[in-house]
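Given next are the chains, with one letter for each unit.
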Amino acid sequence: MTVHSSLYRKTAVGLALVALAATGCSTKSSNDAAGGTAGDDASTGTSTGPVELKDGSKVKLALIPGGAHPYFQPWKTTAELDKTDFKLGGVTFNETGEWDQGKQNNVINSLAAQGYNAFGIFGVSPTDINSTFEDLKAKGFAVGSLASCPAGDTNSADFCLSTDVEAAAYKATKATIEAIGGEGTIVHLTGNNVDSNTQRRIAGVKKAIGETGGKVTELPVITDIDKDLQTAQKAVADLLASKGKEIKGIVTTAYNPAVAAADGVASSKLPIKVVAIDDDAKILSGIKSGGVAATVTQNPVGQAYVGGWLLALLGSKQCTMKTPGVIVDSGSFVVTKANVDSYDTERKAKTTELQKEFAGQLSCS
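Think of each chain on its own: its residues are numbered from 1, step by step along the sequence as written. It should be noted that, the model being predicted, local features are given only for residues of pLDDT at least 70 and side-chain atom pairs only at 80 or more, the latter also being counted only at that level, while totals for whole chains, interfaces and linings use all residues. Each side-chain value is derived from all of the structure's non-hydrogen atoms; neither hydrogens nor water enter the calculation.

The name an unreviewed UniProt entry assigns to the protein chain is Sugar ABC transporter substrate-binding protein, from the organism Kribbella sancticallisti. UniProt positions are given in the numbering used here, feature names are shortened, and annotations may be inferred rather than shown by experiment. According to the UniProt record, the Sequence similarities (unreviewed entry) comment for the protein chain is "Belongs to the bacterial solute-binding protein 2 family." Check the Subcellular location (unreviewed entry) section of the UniProt entry for the protein chain; it says "Cell envelope".

Enquirer: Would you mind going over the overall build of the protein chain in detail, with residue names and values included?
Expert: In terms of helices and strands, the protein chain carries 12 helices and 14 strands. Every one of the 365 residues in the protein chain was classed for burial, and the buried ones make up 57%. Two residues form a contact once any of their heavy atoms are found within 4.5 Å. Counting only contacts in the protein chain whose residues sit at least 6 apart along the sequence, the fraction spanning at least 24 positions is 75%. Areas reported as accessible are Shrake-Rupley estimates using a 1.4 Å probe. Residue values count occlusion only from the protein chains shown. Element-wise, carbon and sulfur atoms account for 51% of the exposed surface of the protein chain, whose accessible area totals about 14700 Å². Secondary structure is summarised from DSSP: a helix means a run of H or I of at least four residues, a strand means a run of E of at least two, and numbering begins at the N terminus for each. The buried label applies to any residue whose accessible area, calculated with a 1.4 Å probe on protein chains only, is under 20% of its type's maximum; exposed applies above 50%, and partly exposed to all values in between.

Enquirer: So what's going on with the nonpolar core? Residues and values would help.
Expert: Here the nonpolar core consists of buried residues drawn from Ala, Val, Leu, Ile, Met, Phe, Trp, Tyr and Cys, with membership extended through side-chain atoms lying within 4.5 Å. With 38 residues, the main nonpolar core has Trp-75, Phe-159 and Phe-358 as its most contacted residues. Take this core: its biggest share by element is nine residues, from helix H11 (residues 300-315). Non-local contacts of Phe-159, meaning those with residues more than four positions away in its chain, are made with Val-143, Gly-144, Ser-145, Leu-146, Gly-307, Leu-310, Leu-311, Leu-314, Met-321, Gly-325, Val-326 and Phe-358. Listed in part, the 26 residues of the second largest apolar core include Ile-180, Ala-208, Val-251 and Ala-276.

Enquirer: An account of the state of the cysteines is requested, with residue identities and associated values reported.
Expert: Disulfides are defined as pairs of cysteine sulfur atoms found within 2.5 Å of each other. Enumeration according to the criterion identifies two disulfides in this entry. In this model, Cys-149 is linked to Cys-160 through a disulfide, with the two sulfur atoms separated by 2.0 Å. Handedness here is read from the sign of the S-S torsion; for Cys-149 and Cys-160, about -100 degrees, the answer is left-handed. Of this pair, Cys-149 sits in the loop between strand S4 (142-146) and strand S5 (159-162) while Cys-160 sits in strand S5, placing them 11 residues apart in sequence. With relative accessibility at 0%, the residue Cys-160 sits in the buried group. Across the disulfide, Cys-319 is cross-linked to Cys-364 (sulfur-sulfur distance 2.0 Å).

See below:
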């Protein structure tokens, strides 16, 4: 499995998040630099920046993906940054849930027994994860739903900080349509069909296609191919062998299919435009060479950093959420050849803005 290169790549982490740390937990947004203010909400440490954590020493933070996946690798490094910047009592990154909700619950319960009291969780089962959140909340723990929100209209965690996946898929499809000249046949490659996030992505793709008035048509969606790179590679090879000559564009909204599609189209030499998801090194290289038309990157570092900061405020009992269960988009960003060397600037700015946005959602002592 290809190791995810997003970490903002090491240079970007250093620039983006050391800048955040320069004033402890307080930061100023780009609006502040221009002389704007955030207002005088009592929840903010000052009128121009987010809440400053007073004491994180009793907070032990656990960041828990549903299982091993390249997307979550930046969480591991960012957890250590959370510990340093917020002076937490401990941090851990645990990806041993094996994409099984029961096993993930066992991991969570084990960590709770070890004294962890603040949890950032990507739930394996969006339809069942609320019961896990409710159990943790009943025990007095701070809980954030990170990178995925529960299915339905209820989020039982303190907050959800996740990509608006429907919006991201819509952006990716619009980029695909532009790349193929506004007409032709495209195909959508994505992840687990029963995942509510996958259904949201499918909806985003269909919305963009529907706006073309029939000029763009779509082959049947190919789902359940994000388990690992090998699964995705086989699916792409089969697709290109059977339908390659009629496809003008491939839009991918899951990590492994994106890498597999970029490699498969390059090897086949078919004139298919590929729009990917996230910023694996192969994807970025493909954009620079012209082999990949575009990608839509997400913000895993921002999820882990801002999520960690917020969980520390909640876990220390310094703050509570004004509206428990609030959902905030962590951001998605279209990357093309024109901005492949500069897109991180936009993503870093979004991370700073997220802290400020959440500050307005807090009541603090």
